[in-house]
Amino acid sequence: MTKRAGIAARAAPLLLASCGGVQSSLSPQGFEAERVATLFWVMTIGSGVILLGALLAAGIAIYGPAGWRRRLGGEGIILNAGVYLPVAVLSALLVYGFVVLRATNPPSGIAATKIAIVGERWWWRVQYRDGAGHLIESANEIRIPVGRPVEIELTSADVIHSFWAPKLAGKLDMIPGRKNVLRLQAKEIGVSRGQCAEYCGGAHALMSLYVIVAPEPEFEQWLAYEGGAAAAPATEQTREGMRLFGANGCGACHAIRGTSAAGVVGPDLTHIGGRMSLAAATLPNDEAAIARWISDNQHIKPGNLMPPYRIFSDRELSALSAYLAGLR
Amino acid sequence: MTDEPREFPSSTPRPEGEVEELRRIWARPEGLHKLTAVNNTDIGLFYMGAAFLFFHLAGVLALLMRVQLSRPDNTFLGQEFYNQVFTVHCSTMMFLFAVPAVEALGVILLPQMLAARDLPFPRLSAFAIWAYVIGGLVFFSTVFYDLAPNGGWFMYPPLTLTTYSPGDNADFWLLGIGFIEISAIAGAIEIVVGTLRTRPPGMSLDKMPLFAWAMLIFAAMIVFAFPAVILATMLLEIERSFGWPFFTAARGGDPLLWQHLFWFFGHPEVYIIFLPAAALVSMIVPTMAQTPLVGYRLNVVALIGTGFFSFGLWVHHMFATGLPALSLSFFSAASMTVAIPSAIQVFSWIATIAAGRERFRITTPSLFVLGFLFIFAIGGLTGVMVAVAPFDFQAHDTYFVVAHFHYVLIGGMVFPLFATYYYWAPMVSRNMLSEKLGRWVFWLIFLGFNITFFPMHITGLLGMPRRVWTYPAGMGWDGLNLLSTVGSFMIAAGALLFVIDLVRRLRPGEPTPENPWNAGTLEWLVTDVYSTRTIPHVTSREPLWDQPNLYADVEAGRYYLPGAPTGGRETIVTSPIEGEPQYVIRMIGPGWAHFFAAVFTAACFLLLTIKLVWPALACFVLAILSCFVWVWELDREPLAEPVDIGGGIKLPTYVSGPMSHAWWAMVVLMLVAGSLYVTFVFSYLYIWTVAPQTYPPIGAPMPPAFEWPFASGALMVASIVAFKEADRFRPQPGAKNLLAPLLIFVGAACLLAGVGIESLGHWRAGLSATETSYGAMVYMASILNGELAFATALMAGYTLVRFILGKVDAVRRTTFECTALLSYYTAGQTLFGLALIHGFPHLIG
């Protein structure tokens, strides 16, 4: 019994670490998430010890020899294990918690990369600024440089959402009328996933995003490209797609920089083809998925604010999808 | 008055036919008249049955959710239905199961533990129960026709405002649940007065069973916590219906105000559910160990401490909203503090088990108690973890938290409840429940519970947020979710087995087995429809263990109140601290009026929900009329002579003023109103903190000139004077006097006029209730005062009628006194409101 429990206790961290998925707070890639993961393990092991102690005491109380039971059966145990011990343990934990809460990231003094994210039903509007301070809008994916402090300004356009990229840091709410700033710093390059953590109605379950941590030069290069206008369509089919996009009023809601489409209601599509997913990490990003989304989005993400467009013929739909997929 | 020598157990022989008379007086109504029943055992069982039904209904919803989540990308339930299902599951479990189940236990167990014939307000309990059953069934049924609320059980705006939730779904939550909260408060008033005033003679507070302590604290917590959510639901419903912008940031409101109000209720709610359950364990453990609880006083301190601290840590539900580090640290520390009283209780149970005269008996109730200890300990430890703010940033709103609160709530409340069912069944039933099936029930539920909820800790840490109807494959969540689903069906199997046992073995009625567990407290005395044969004199915490022959003496009529000296239902009212007998309360029996009051109140709220305003208004009037009919029989004509309650002790049968139970209930009601108003004052000031630049904000005028509040205030003072004078001019019994009724009329009219003038002043100054949150708050103050003034006016009208019919006089004072108390309170609250609304903008402007 004891032996098996021992193995289980040692195996547990391994088990968790090995199945740490793309959205796991236990396989951190950022300084904040790492500190919290450490905090978690310290508390879990401590809790385990306390639980075993309490179970042991209960076991002795029920099955123990008379002498042991007598020693347990008075107010002494209540004061020792019910008052003094918790006061000591909790005080220590409180201090540890404060330290983690107030910790600042090494190295300080580096100017932070600033990103603004607006929670929308049910997607993320992402805004960067280039060196000259121009706004660069994107959606449903964030890119940040590794090893550099990042300040993410979080607001909401409608209801309360919560921005949560577990591998990098804890969550912070996006509340109408308020501006919250999440500070984090990535430790490793790689891709992870985040998700809205505050129930925001309807398709709350389908409001996720990818977070891409890249080396700083690559990030700068990407940002410069992202700030540019959309690629011009190169083939007959994609030119047809662009025409359909304009003629059917898609630009009333969506912007594609470099074209006449300048809508601000839905996600900016200037570089949609270069993103990892569609519809806030609901679908993979390829032509077929784009086509499905355009014609059948209410089944894919019920309640989302884009109406389904079934007006296109198959050929038109392919053209439109090819055009959008080509906007890398 | 009871210092005269007592001869208990008395040796005077009892007259013939006394028991038969008691049986006749306390007879249960039969057939259709069962609906009129008010006696605690009858309605208590019905209450518990209803709560247990909702437990199973909400459990079925949980199974639906588990099926949906058993594999990724599942389409068993659609998105919209799933969102309704989880909202109704949580709301039902919290409001229709947990709190009512605990109140039901109070109604069933308290009179027995206190050997009272009934609690002091039998019809109030029955009213609360009927209102809850009708309101609850309608609320739950919305899930069958796509009308169920879908905003989550904490209903955060702006999601729940009409812009984002246009249907009636949210209104069902706001009006349905808001109304059930009123029923909970009615129950709480009964319990506060019951535990403090209907204890058996000799049972001073320090001899009170821990369950009674816990129920007293439970009820006090309801009195202070529920008004916050009642105010919140009022504000949200008013914003939804009339566009007063309390929670709309663009007009100066703040969505976080809702969160503060909701969690100021919501966190104490957890302890409201847990404390009585913990106290049940404190009752069962000593019996199974056959020794008094070790650390009784420490336990009482722990219960009070938990109740007190629980009001200081609501913000830990809001750690992720972006609060300053100082607030986080404060509420983090406060949240941890509450672990200490829980630890005290856990180790006091362990110490009691160890101190047992014999080895701890492993019965089904013991198994559930031990299961509770294990599960609750884990829930407590994860509770400390989420109290550490940085960890909460990760764990908040994930399945880790889902696991945590199910460990706390199912471990802390449902397991003790099952222990209670097995332990106390023989108190109300001719059979005990099956010990053999009980082991199966326990192991199925215990293992099923851990298999369901333990994996959720990990699922949450792996990134799964709560309240998602679907999730993609490849996140590492699939296997864990499947495991949780398997476990949930094991729990269901256990619950089903329990129901089968219940149907087979539970036979309410006499005779019940005689103290089958050899417990020490009074609920194991022999009872009949009239409760115990006599009300014992108590000298110990475990009277059945320490007072030899008590069992037989009580049954032989050798203690208090062996007969029915006034010829009706009655019990002894004792002093709140020492438990000295003070008077005999003449209680009311079965009736239809409170039943119809409940039906029409429920109908009024539900019709309002679907916007049928006129029928709702008609039901409102009928509900008020039913209440008048109900209370008409109260405040009976005083008997000239004190009555003999046995042992040569004579007690009065009519008292008024601070000694009377009616006065106490009125004071508790005023505390409820006061809590509601304090949360309003908090809200008013909170709106100022979010818009500090100019106050009143741009677009809202300053409060009107001095004459307006002065006139309103003068009317309030006039009302107080009028009621004071009316009290002086009450006529002698049999005489008539027109001055007193006239003064009552003037007093009530002054209240109404004063509140009206206050609103008129702001309206004349050009203040809009819909343009700014400030304006909405100013008018809200008058709504709260106006409600009370209206209630006072109704009661004043009722008192006037009784005056005219000679039912109020210098001795028979209770009706008048209740009206006057409410009028003083209303005037006081309005005066305070005037100072705040007119003073504050000048003070900071």
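Above this text sits the structure in question.
Residues numbered from 1 in each chain as written. Chains lettered and ligands numbered in written order. Predicted model: local features only at pLDDT ≥ 70, side-chain atom pairs only at ≥ 80, totals over all residues. Heavy atoms only, no water.

Chemist: I'm lost on the pattern of salt bridges in this one. Help?
Modeler: If the charged atoms of two oppositely charged side chains come close together, the side chains can form a pair. Evaluated as defined, the whole model comprises 32 salt bridges over all chains. Residues Arg257(A) and Asp268(A) are paired through a salt bridge, measuring 3.3 Å at the closest nitrogen-oxygen approach. Remark: Asp268(A) occurs in the loop between helix H6 (236-247) and strand S11 (277-278) and Arg257(A) occurs in the loop between H6 and S11; sequence separation between them is eleven residues. By relative accessible area, which is 6% here, Asp268(A) ends up buried. Here Glu21(B) ties to Arg24(B) by a salt bridge, and the two come within 3.8 Å at their closest N and O atoms. Of this pair, Glu21(B) and Arg24(B) both sit in helix H1 (residues 18-25), three residues apart, roughly one helical turn. Given a relative accessible area of 28%, Glu21(B) falls into the partly exposed group. Among the residues examined, Arg24(B) registers a relative accessible area of 55% and is labelled exposed. What you see here is one network of salt bridges that share partners, running through Asp168(B), Asp171(B), Arg240(B) and Lys611(B). (Salt bridge = Lys/Arg side-chain N within 4 Å of Asp/Glu carboxyl O. Helix = DSSP H or I, 4+ residues; strand = E, 2+ residues; numbered from the N terminus. Buried < 20%, exposed > 50% of the residue type's maximum accessible area, 1.4 Å probe, protein only.)

Chemist: Hey, could you run me through the interface of chain B and chain A in this one?
Modeler: Where interface size is given, it is often the accessible area lost as the parts come together that is meant. Tallying the contact residues gives 81 residues for chain B and 79 residues for chain A. Summed over both partners, the interface of chain B with chain A comes to about 6300 Å²; 71% of that surface belongs to carbon and sulfur atoms. The interface formed by chain B and chain A contains one salt bridge. The partner of Asp254(B) in a salt bridge is Arg178(A), and the shortest N-O contact between them spans 2.4 Å. (Contact = heavy atoms within 4.5 Å. Buried area = accessible area lost by both parts, 1.4 Å probe.)

Chemist: Help me understand the sheet that holds strand S5 (residues 149-156) of chain A in this model?
Modeler: Strand pairing in a sheet is mediated by backbone hydrogen bonds. Such pairs are either parallel or antiparallel. Residue and element names in this part refer to chain A. Taken in spatial order, the five strands of this open sheet run S3-S2-S1-S5-S8, and their pairing is mixed. Looking at strand neighbours, the two that pair on one side only are strand S3 (135-139) and strand S8 (180-185), the edges of this open sheet. Strand-to-strand twist across the sheet, computed as the mean angle between neighbouring axes with direction ignored, equals 25 degrees. The pairing of S5 with S8 spans six bridges and is antiparallel. Along S8, the bridge assignment pairs Glu153 with Val181. (Pairing = 2+ DSSP bridges. Axes fitted to C-alpha atoms, helices over the stretch in contact; angles between N-to-C directions.)

Chemist: Looking at this model, I keep getting lost on the sheet that holds strand S10 (residues 208-214) of chain A. Mind explaining?
Modeler: All names here are of chain A. Pairing within the open sheet is mixed, and its three strands lie in the order S4-S10-S9. Looking at strand neighbours, the two that pair on one side only are strand S4 (141-145) and strand S9 (190-195), the edges of this open sheet. Taking the axes of each pair of neighbouring strands and ignoring which way they run, one obtains an average angle of 25 degrees across the sheet. Where S4 and S10 come together, five bridges link them in parallel fashion. Bridge assignment links Glu141 to a residue of S10, and that residue is Tyr210. Strands in contact with helix H5 (residues 216-226) are S4 and S10; relative to S4, the strand with the most contacts, it is inclined by about 135 degrees.

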